[in-house]
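So you can see what is in the structure, the chains are spelled out below.
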Amino acid sequence: MTTDQKPRTDEELRVLAERAGRELEDAPALEILRWAVDTFGAEFCVTSSMEDAVVAHLASRVRPGVDVVFLDTGYHFPETIGTRDAVAAVLDVNVRTLTPRQTVAEQDAEYGPRLHDRDPDLCCALRKVRPLEEGLEDYRAWATGLRRDESPTRANTPVVGWDEKRRKVKVSPIARWTQDDVDAYVAEHGVLTNPLLMDGYASIGCAPCTRRVLEGEDARAGRWAGRAKTECGLHG
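Residues numbered from 1 in each chain as written. Predicted model: local features only at pLDDT ≥ 70, side-chain atom pairs only at ≥ 80, totals over all residues. Heavy atoms only, no water.

Named according to an unreviewed UniProt entry, the protein chain is Adenosine 5'-phosphosulfate reductase originating from Streptomyces griseofuscus. The annotation that UniProt attaches to the protein chain under Sequence similarities (unreviewed entry) is "Belongs to the PAPS reductase family. CysH subfamily." As its UniProt record puts it under Subcellular location (unreviewed entry), the protein chain is described as follows: "Cytoplasm". (UniProt positions renumbered as here; feature names shortened; annotations may be inferred.)

Shown next as structure tokens:
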């Protein structure tokens, strides 16, 4: 564990992450998470949008009580907050909720109402990117639920990589999974999922910037619909 070792430099972590990405490319998700837990111990966490609890469930099997970090932007659907509360109650994890520096009302007072309509990049930066960067300060590695099949922008997601912007190791244990793989895992283990997934939503973010997807659209098409924007900034 890193707690018993001399802290690694950023360059050492980058080399470690890139090597692990190559060596674990074909490994099962549990093995990838086991590597992360064995390597980083308490300096490893899972981030979750509470679209589902698949990665949190996987990680809890490897490290019971693992930290699961959730960003409460102030704009979430009630179903998303309910999923977070259910995950905290049912799984053997420690849910940590991060919040932006400003409430929605305070942001409205400074920038004007409905910033998400006028400048969604700035809104995401204030309500997602900055809080996550501050919340990840205690960790050297973090896990995400990114999958390559979700959209073209995620097609090259490594199972383990180096997050240059945050100077941390980024683990995506289900990067190679398909939606069928996710559905099978959820069914086998009774994993909690956001009720909105059964109501036409394929990717769930903040309520003002998320819509149901149409037949034939990719999973991310319902996010910032009608705009060139496809990512909030957390993943590139």
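From this point, the narrative continues.
This part takes up the layout of surface pockets. A water-sized probe rolled over the atoms picks out the places where empty space is left. In this structure, the largest pocket spans a volume of roughly 270 Å³. In terms of lining residues, the largest pocket is bounded by 14 residues, among which Gln179, Val182, Asp183, Leu197 and Ala202 are the most central. Grouping the amino acids of the lining of the largest pocket by side-chain chemistry returns seven nonpolar, two polar and five charged. (1 Å grid on protein atoms, 1.4 Å probe; cavity = no way out; pocket = protein on both sides within 12 Å on 5 of 7 lines; lining within 4 Å. Points joined across faces, edges and corners; volume = space filled by probe spheres on them. Nonpolar A, V, L, I, M, F, W, Y, C, P; charged D, E, K, R; others polar.)

Attention now moves to the environment of Trp142. Position of Trp142 among the secondary structure elements: in strand E4 (residues 141–143). Note on Trp142: relative accessible area 1%, which makes it buried. With 73 residues separating them in the primary sequence, Trp142 and Val69 have C-alpha atoms 9.3 Å apart. Among the polar contacts listed, one links the side chain of Trp142 to the side chain of Asp163, at a separation of 3.5 Å. (Helix = DSSP H or I, 4+ residues; strand = E, 2+ residues; numbered from the N terminus. Buried < 20%, exposed > 50% of the residue type's maximum accessible area, 1.4 Å probe, protein only. Polar contact = N/O pair within 3.5 Å; in protein donor to acceptor, adjacent residues only side chain to side chain.)

On to the nonpolar core, then. Core analysis: the largest hydrophobic core is formed by 45 residues, its most contacted members being Trp35, Phe44, Val54, Val160, Val169 and Val171. Counting residues per element, this core draws most heavily on helix H2 (residues 29–40), at seven residues. The contacts of Val54, once residues within four sequence positions are left out, are Ile174, Trp177, Val182, Tyr185, Val186 and Val191. Listed in part, the eight residues of the second largest apolar core include Val69, Leu71, Leu98 and Leu132. (Core = buried A, V, L, I, M, F, W, Y, C linked by side-chain atoms within 4.5 Å. Contact = heavy atoms within 4.5 Å.)

This paragraph deals with the environment of Arg211. Counting through the fold element by element, Arg211 comes out in the segment after helix H8 (179–189). In this structure Arg211 comes out as partly exposed when scored by relative accessible area, which is 27%.

Further remarks concern the state of the cysteines. According to the stated counting rule, one finds zero disulfides in the structure shown. Of all cysteine sulfurs in the structure, the one in Cys124 sits closest to Cys123, which takes part in no disulfide; the separation is 6.1 Å. We classify Cys123 as buried; its relative accessible area is 6%. (Disulfide = S-S within 2.5 Å.)

In this section: the side chain of Asp52. Secondary-structure assignment places Asp52 in the loop between strand E1 (44–47) and helix H3 (54–62). Notably, Asp52 is buried but unbridged: the nearest opposite-charge side chain belongs to Arg147, and the N-O separation is 5.6 Å. Within the structure, the side chain of Asp52 is placed 3.0 Å from the backbone nitrogen of Val54, a separation counted as a polar contact. Once you skip the residues sitting within four places of it in the chain, Asp52 turns out to touch Val182, Leu192 and Thr193. (Lys, Arg positive; Asp, Glu negative; His and termini not counted. Salt bridge = Lys/Arg side-chain N within 4 Å of Asp/Glu carboxyl O.)

As summarised here, the arrangement of the six strands in space is E3-E2-E1-E4-E6-E5, forming an open sheet in which the pairing is mixed. Every other strand in the sheet has two partners, leaving strand E3 (93–98) and strand E5 (160–163) as the edge strands with one partner each. Taking each pair of neighbouring strands and ignoring which way they run, the sheet shows an average axis angle of 30 degrees. Where E1 and strand E2 (residues 66–71) come together, two bridges link them in parallel fashion. In the sheet register, Val46 faces E2, and the bridge partner there is Val68. With respect to the sheet, H2 is in contact with E1, E4, E5 and strand E6 (168–171), its orientation differing from that of E6 by roughly 155 degrees. (Pairing = 2+ DSSP bridges. Axes fitted to C-alpha atoms, helices over the stretch in contact; angles between N-to-C directions.)

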